[in-house]
Amino acid sequence: IVDTDVRNMTAVMKAALLNEEILEIHQSTDTPPGEFLAYWPCSEPTRCQVWGRKLNESAWLVALTNLGRKAHKISLDFSHLDWTKSDRAVPRDVWAHGFLEPAVGAFTSEVASHDTTLVILAKNDN
């Protein structure tokens, strides 16, 4: 169900609703649904949030969500995924369909006001 006139969707609406990678993960019943992982301490308390969904033993879908009025750097410490500080992950930007620089122990992203960074973090043992 889409609560908008599909003839007048904005580019952001289309990017979210027609992103096949997101749809595939969202519709999968192979893993439990996502969950709130943590608040990130930013200058707007409780406005910087980290959400995640375990996809398998070595990968998570992670959403860094900024509900605040200004941009914030939001981080996910890998301990929230039951990973260690020395674990290395290769983030895949689900919006842009591309890989980002590897992260060790944590993943950080600059998130604009009222925006979400959405990545798949795949643990890399190399």
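Predicted model, so just to flag it, every value in this text is computed and none were measured.

(A) View of the layout of surface pockets. As a volume, the largest pocket reaches approximately 400 Å³. Every residue lining the largest pocket is counted, 16 residues in all, and those nearest its centre are I22, I25, H26, L61 and L118. Secondary structure elements with two or more residues in the lining of the largest pocket: α1 (11–17), α2 (20–27), β2 (48–56) and β3 (59–66). Counting residues per element, the lining of the largest pocket draws most heavily on α2, which supplies four residues. Here the lining of the largest pocket is composed, by residue class, of 11 nonpolar, three polar and two charged.

(B) Representation of the nonpolar core in the model. Of all hydrophobic cores here, the largest spans 18 residues; its most connected members are V62, L64, L76, F78, L81 and L121. Among the elements of the structure, β2, β3, β4 (72–77), β8 (106–111) and β9 (115–124) are those that each provide at least two residues to this core. Looking at this core element by element, the count peaks at three residues for β3. Excluding residues that lie within four positions of it along the chain, L76 makes contacts with L37, V50, V62, L64, L81, G105, A106, F107 and L121. Of all hydrophobic cores here, the second largest spans seven residues; its members include I22, I25, A63 and L118.

(C) Just the environment of Y39, in detail. Position of Y39 among the secondary structure elements: in strand β1 (residues 35–39). It is 14 Å that separates the C-alpha atoms of Y39 and A106, two residues lying 67 residues apart in sequence. Once you skip the residues sitting within four places of it in the chain, Y39 turns out to touch T46, C48 and Q49.

(D) Broad picture of the side chain of E21. On the secondary structure map, E21 appears in helix α2. Classification of E21 by relative accessible area gives buried; the value is 19%. Of note is the side chain of E21, whose polar atom sits 2.9 Å from the side chain of R92. Within the structure, the side chain of E21 is placed 3.2 Å from the side chain of H97, a separation counted as a polar contact. Ignoring anything within four residues of it in the chain, the contact list for E21 reads R92, V94, H97 and I120.

Reading the values: rules and limits
Residues numbered from 1 in each chain as written. Predicted model: local features only at pLDDT ≥ 70, side-chain atom pairs only at ≥ 80, totals over all residues. Heavy atoms only, no water. 1 Å grid on protein atoms, 1.4 Å probe; cavity = no way out; pocket = protein on both sides within 12 Å on 5 of 7 lines; lining within 4 Å. Points joined across faces, edges and corners; volume = space filled by probe spheres on them. Helix = DSSP H or I, 4+ residues; strand = E, 2+ residues; numbered from the N terminus. Nonpolar A, V, L, I, M, F, W, Y, C, P; charged D, E, K, R; others polar. Core = buried A, V, L, I, M, F, W, Y, C linked by side-chain atoms within 4.5 Å. Buried < 20%, exposed > 50% of the residue type's maximum accessible area, 1.4 Å probe, protein only. Contact = heavy atoms within 4.5 Å. Polar contact = N/O pair within 3.5 Å; in protein donor to acceptor, adjacent residues only side chain to side chain.

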